[in-house]
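Secondary and tertiary structure notes
Okay, here's what each chain looks like letter by letter:
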2 protein chains.
Amino acid sequence: MSQFGFDAAGFDELLLRSAREGGPIEVGEALTHTLEGTAKRLRPVLVHLFGRICAADPDRMLQLALAVEMLHTATLVHDDLIDEAATRRGRPALHRVESPSVALLVGDLYLARCGVHLAQVAEPRATHELFGALATIVRGELLQRRRRFDLDQTEAEYMDTIRRKTASLVQAACVSAVIVAGGGADQAAAARRFGHHAGIAFQVIDDVLDYAAEADVLGKPVGNDIREGTVTLPLILTIADGPAVVGAIEAAKSSGDFSAVIRAVRDGGALRHCEALAADHARLARDALAVFPESAERAQLGDLAASLVSRSR
Amino acid sequence: MSQFGFDAAGFDELLLRSAREGGPIEVGEALTHTLEGTAKRLRPVLVHLFGRICAADPDRMLQLALAVEMLHTATLVHDDLIDEAATRRGRPALHRVESPSVALLVGDLYLARCGVHLAQVAEPRATHELFGALATIVRGELLQRRRRFDLDQTEAEYMDTIRRKTASLVQAACVSAVIVAGGGADQAAAARRFGHHAGIAFQVIDDVLDYAAEADVLGKPVGNDIREGTVTLPLILTIADGPAVVGAIEAAKSSGDFSAVIRAVRDGGALRHCEALAADHARLARDALAVFPESAERAQLGDLAASLVSRSR
């Protein structure tokens with residue numbers, strides 16, 4: 001996402017340096033493994049653009065972006081540990097390369113570094129937004145775990161879960177950026193709406209790609225969600241279209257072969273429906289930007305929202 | 001520790017209410033299990049007393065105390081998960097009662113709540129102290145894990161480990177309290193010294209009790225540390241007194257029966273040496289209080305430091 005005037009390589013370097021602050025620690029490749037490489041840096045880019053739109057001090061925005069990405073990476077590392085995920089971003093997951101203990105501790109280290117960067121930002125409302133989002137994410141994760149393989153889930157329940165698990169932090173990143181940048185209350189409210197809708201659009205497409213993408217584009221196996229028991233919107237809609245897929249899921253749970261389930265989701269109309277829904281949310285995100293004066297950054301935020309739904313299958 | 005004018009029962013209630021903020025979550029008894037009961041609340045009591053000594057706003061000090069205890073409890077929950085500990089404070093450890101996933105997530109929830117309380121405190125230097133301490137604790141934990149069953153550890157290496165694992169947060173609690181209370185730089189430095197020495201004294205005695213206490217007083221089995229491979233000062237000094245115990249440890253690692261090791265540590269002079277060392281640190285803690293004007297709270301802090309080394313065997 002360096003197309004938005006964001007120095008992604010420089011940011012990666014700062015993230016790594018932050019994790020190493022306090023001297024070397026023997027965690028093998030854990031830090032580079034989780035902080036370098038193929039990440040999209042969606043949240044730091046959003047902080048960067050909302051900061052620019054409000055003409056903020058770039059150093060404080062950088063500290064905020066580091067805080068947000070440290071928090072996000074911590075939740076990824078801990079989630080992969082809980083889900084016993086095999087891969088992340090095309091690489092073996094950390095808890096497998098090192099150990100579950102190292103994964104837990106490295107996640108905690110990233111949360112600590114998030115707090116230290118927030119201390120640099122020195123804006124209690126940003127601290128409140130980010131750690132409030134972490135609490136929301138944890139609650140979303142607990143909720144999702146309770147609903148593993150619950151095929152009666154509704155679209156509304158799904159939307160509530162992704163609001164917690166994904167939109168909450170995207171939203172916190174956007175609204176914090178505007179607050180730290182000294183934007184007004186109406187601009188902060190607009191950034192909150194933008195972040196909410198962009199986060200929802202992003203996650204719906206992520207859940208589409210889990211069924212529709214090629215494995216090498218995705219960086220993990222296709223159909224990973226249902227294998228782990230996570231029931232997402234493509235499946236909810238496919239079940240609503242006809243209950244045949246429920247039998248396929250029950251069979252797959254015994255055999256371990258989910259290909260018939262994946263095929264059923266791909267062949268029905270669910271993925272198109274999800275893409276339309278995501279596009280609606282991307283439009284709502286874009287609309288929220290109207291309160292900001294016209295500028296290159298406002299246009300870029302709009303493009304970014306649109307790009308969330310046009311990610312490659 | 002309600003003898004220091006600290007309302008322990010009221011504090012426990014607030015901790016629980018904080019963890020539940022955002023509505024009920026289905027984690028069984030996880031919250032009450034980890035937040036209620038027999039905890040000493042050493043760090044909140046220190047925040048309370050340093051706040052009183054500097055005539056601070058009690059509400060802000062309470063938020064700081066909640067932040068500190070949330071952080072501390074998070075590290076306990078995650079440590080027990082890593083160590084696969086059977087018990088904590090006389091109860092089965094959370095990851096056993098619920099599940100490893102719930103323990104991980106509840107620990108993360110407590111770190112989130114720590115951040116939210118720090119946002120209420122609204123003092124970036126306190127945020128920096130507490131999350132800086134968390135990073136130090138994680139690094140100490142990684143160090144300690146690398147040294148499991150390393151019988152060549154020196155006293156200096158042990159002191160470095162407990163400085164990171166225990167003293168860092170006690171120190172952060174004390175110095176943050178003085179900063180938030182508006183104390184001067186000399187008072188903050190004194191609180192830092194007090195916290196460091198009190199934390200060392202506390203941990204040395206904890207490590208003595210692991211060998212010397214009765215199991216029912218300790219709330220966990222005697223000799224727990226060496227069973228987990230954690231080499232503490234009592235053992236380091238016993239090894240220095242004569243290498244016979246090394247053979248006993250090797251034998252115990254195969255048989256699982258550590259009673260001969262525990263007896264060797266109890267029967268030598270190591271425990272008395274440790275108690276003398278802890279008493280020295282408690283005195284240094286007390287001495288650091290000289291910069292504060294004479295007051296009931298200063299006397300109580302001195303008493304508290306002394307009480308750390310007179311805990312029941």
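Residues numbered from 1 in each chain as written. Chains lettered and ligands numbered in written order. Predicted model: local features only at pLDDT ≥ 70, side-chain atom pairs only at ≥ 80, totals over all residues. Heavy atoms only, no water.

1. Side note on the interface of chain A and chain B
Between chain A and chain B, the residue contacts involve 38 residues of the former and 38 residues of the latter. Of all residues in chain A, Leu105(A), Arg139(A) and Leu142(A) give up the largest surface area on contact with chain B, accounting jointly for 21% of the area buried on that side. Linking chain A to chain B there are zero salt bridges. Remark: the boundary between chain A and chain B carries 12 residue pairs in polar contact (both at pLDDT 80 or more). Listing elements by their share of the side of chain A that touches chain B, those giving two or more residues are helix H1 (8-20), helix H4 (58-83), helix H6 (100-121) and helix H7 (124-146) of chain A. Ranked by residue count, the leading element in the side of chain A that touches chain B is H7(A), at 13 residues. (Contact = heavy atoms within 4.5 Å. Buried area = accessible area lost by both parts, 1.4 Å probe. Salt bridge = Lys/Arg side-chain N within 4 Å of Asp/Glu carboxyl O. Polar contact = N/O pair within 3.5 Å; in protein donor to acceptor, adjacent residues only side chain to side chain. Helix = DSSP H or I, 4+ residues; strand = E, 2+ residues; numbered from the N terminus.)

2. Brief notes about the relation of the copies chain A and chain B
For the pair chain A and chain B, the superposition axis carries a translation of 0.0 Å, the fit reaches an RMSD of 0.0 Å, and the rotation angle comes to 180°. In the structure described here, the two chain copies are related by an operation that fits a two-fold rotation axis. A shared binding surface is used by both copies, with 100% of the interface residues of chain A retained as interface residues in chain B. (Least-squares fit on C-alpha atoms with pLDDT ≥ 70 in both.)

3. Side note on helix H12 (residues 233-241) of chain B
Residues and elements named next belong to chain B. Of all nine residues making up H12, seven are buried, and the element is well covered by its neighbours. Within the span of H12, buried status applies to Leu233, Pro234, Leu235, Ile236, Leu237, Thr238 and Ile239. On its buried side, H12 packs onto helix H8 (155-180), helix H9 (185-212), helix H11 (224-227), helix H13 (244-255), helix H14 (259-267) and helix H15 (270-288). (Buried < 20%, exposed > 50% of the residue type's maximum accessible area, 1.4 Å probe, protein only.)

4. Overview of the packing of aromatic side chains
Applying the stated criterion across every chain, the model contains seven aromatic pairs over all chains. When the centroid spacing of 5.3 Å and the interplanar angle of 75° are considered together, the rings of Phe50(A) and Phe194(A) count as edge-to-face. Note that Phe50(A) is positioned in helix H3 (residues 42-53) and Phe194(A) in helix H9 (residues 185-212), a separation of 144 residues in sequence. Take Phe50(A) and Phe194(A): they sit in the same class, and that class is buried. Positioned over the ring face of Phe149(A) is Lys253(A), at 4.6 Å from the centre of the ring. Note that Arg43(B) overlies the ring of Phe202(B), its terminal NZ or CZ placed 6.0 Å from the centroid. (Phe/Tyr/Trp six-rings, centres within 6.5 Å; stacked < 30°, edge-to-face > 60°. Lys NZ or Arg CZ within 6 Å of the ring centre and 35° of its normal.)

5. Considerations on the confidence of the model for chain A
Reading predicted coordinates in detail is not appropriate for stretches of low pLDDT. When pLDDT is averaged along chain A, the result is 92, and 96% of the positions lie at 70 or above. Across the interfaces of the predicted complex, the ipTM metric reaches 0.94, alongside a pTM of 0.94. (pLDDT = per-residue confidence, 0-100.)

6. Thoughts on unusual backbone geometry
Although it is not a glycine, Ala55(A) adopts a positive phi angle of roughly 55°. Tracing the backbone shows Ala55(A) in the loop between H3 and H4. Using a relative accessible area of 69% as the deciding quantity, one classes Ala55(A) as exposed. Even without being glycine, Ala122(B) reaches a positive phi, approximately 60°. Tracing the sequence through the fold places Ala122(B) in the loop between helix H6 (100-121) and helix H7 (124-146).

7. A closer look at the environment of Leu81(B)
Positionally, Leu81(B) belongs in helix H4 (residues 58-83). In sequence terms Leu81(B) and Val121(B) are 40 residues apart; their C-alpha atoms lie 30 Å from each other. Sequence-distant contacts of Leu81(B), defined by excluding residues within four places in its chain, comprise Leu104(A), His95(B), Pro100(B), Ala103(B) and Leu104(B).

8. Comments concerning the nonpolar core
The tendency in soluble globular proteins is for nonpolar side chains to be buried side by side. By size, the foremost hydrophobic cluster in this structure holds 160 residues, and its most contacted members are Phe50(A), Leu64(A), Phe194(A), Phe50(B), Leu64(B) and Phe194(B). In contact with Phe194(A), other than residues within four places in its own chain, are Leu46(A), Phe50(A), Cys174(A), Ala285(A), Arg286(A), Ala288(A), Leu289(A), Leu301(A) and Ala305(A). (Core = buried A, V, L, I, M, F, W, Y, C linked by side-chain atoms within 4.5 Å.)

9. Remarks on the packing of helix H12 (residues 233-241) of chain A against helix H14 (residues 259-267) of chain A
Residues and elements named next belong to chain A. For the pair H12 and H14, interaxial distance at closest approach is 9 Å and the crossing angle is 80°. In terms of orientation, H12 and H14 fall into the roughly perpendicular class. Between H12, through Pro234, Leu235 and Thr238, and H14, the contact on the second element is made entirely by Val261, Ala264 and Val265. Tallied by class, the residues present in the contact of H12 with H14 amount to five nonpolar, one polar and no charged. (Axes fitted to C-alpha atoms, helices over the stretch in contact; angles between N-to-C directions. Parallel < 35°, antiparallel > 145°, perpendicular 65-115°, else oblique. Nonpolar A, V, L, I, M, F, W, Y, C, P; charged D, E, K, R; others polar.)

10. Focus on the environment of Glu21(B)
When you line up the elements, Glu21(B) lands in the loop between helix H1 (8-20) and helix H2 (30-35). If sequence neighbours within four positions are ignored, Glu21(B) has contacts with Arg139(A) and Arg113(B).

11. Some details on the side chain of Glu123(A)
With respect to the helices and strands, Glu123(A) occurs in the loop between H6 and H7. Residue contacts for Glu123(A): discarding those within four places in its chain leaves Arg60(A), Leu118(A), Ile179(A) and Val180(A).

12. Remarks on the state of the cysteines
This model, assessed by the stated rule, comprises zero disulfides over all chains. Looking at Cys54(A), it has no disulfide partner, and the nearest cysteine sulfur is the one in Cys174(A), 11 Å off. Cys114(B) supplies the cysteine sulfur nearest to Cys114(A), a cysteine that is in no disulfide, at a spacing of 11 Å. The class for Cys114(A) is buried, based on a relative accessible area of 0%. (Disulfide = S-S within 2.5 Å.)

13. So, the pattern of salt bridges
What the rule picks out here adds up to 26 salt bridges over all chains. With a shortest N-O distance of 3.8 Å, Arg113(B) and Glu21(B) are connected by a salt bridge. On the criterion of sequence distance, the pair formed by Arg113(B) in helix H6 and Glu21(B) in the loop between H1 and H2 is long-range, its members being 92 residues apart. Taken together, the shared-partner salt bridges in this structure form one network comprising Asp12(A), Arg41(A) and Glu69(A).

14. A look at helix H3 (residues 42-53) of chain B
Residue and element names in this part refer to chain B. Given a rise of 1.5 Å per residue, 12 residues ought to cover 16 Å, and the 17 Å separating the end C-alpha atoms of H3 matches this to within 8%. By the criterion of burial, H3 is predominantly enclosed, with 11 of the 12 residues buried. Buried within H3 we find Leu42, Arg43, Pro44, Val45, Leu46, Val47, His48, Leu49, Phe50, Gly51 and Ile53. Just downstream of H3 lies Ala55, where phi reads positive at about 55°. (Expected span 1.5 Å × (residues − 1).)

15. A closer look at the side chain of His281(B)
Residues and elements named next belong to chain B. Tracing the sequence through the fold places His281 in helix H15. Judged by its relative accessible area of 12%, His281 is buried. For His281, the contacting residues outside a window of four places in its chain are Met159, His197, Ile200 and Ala201.

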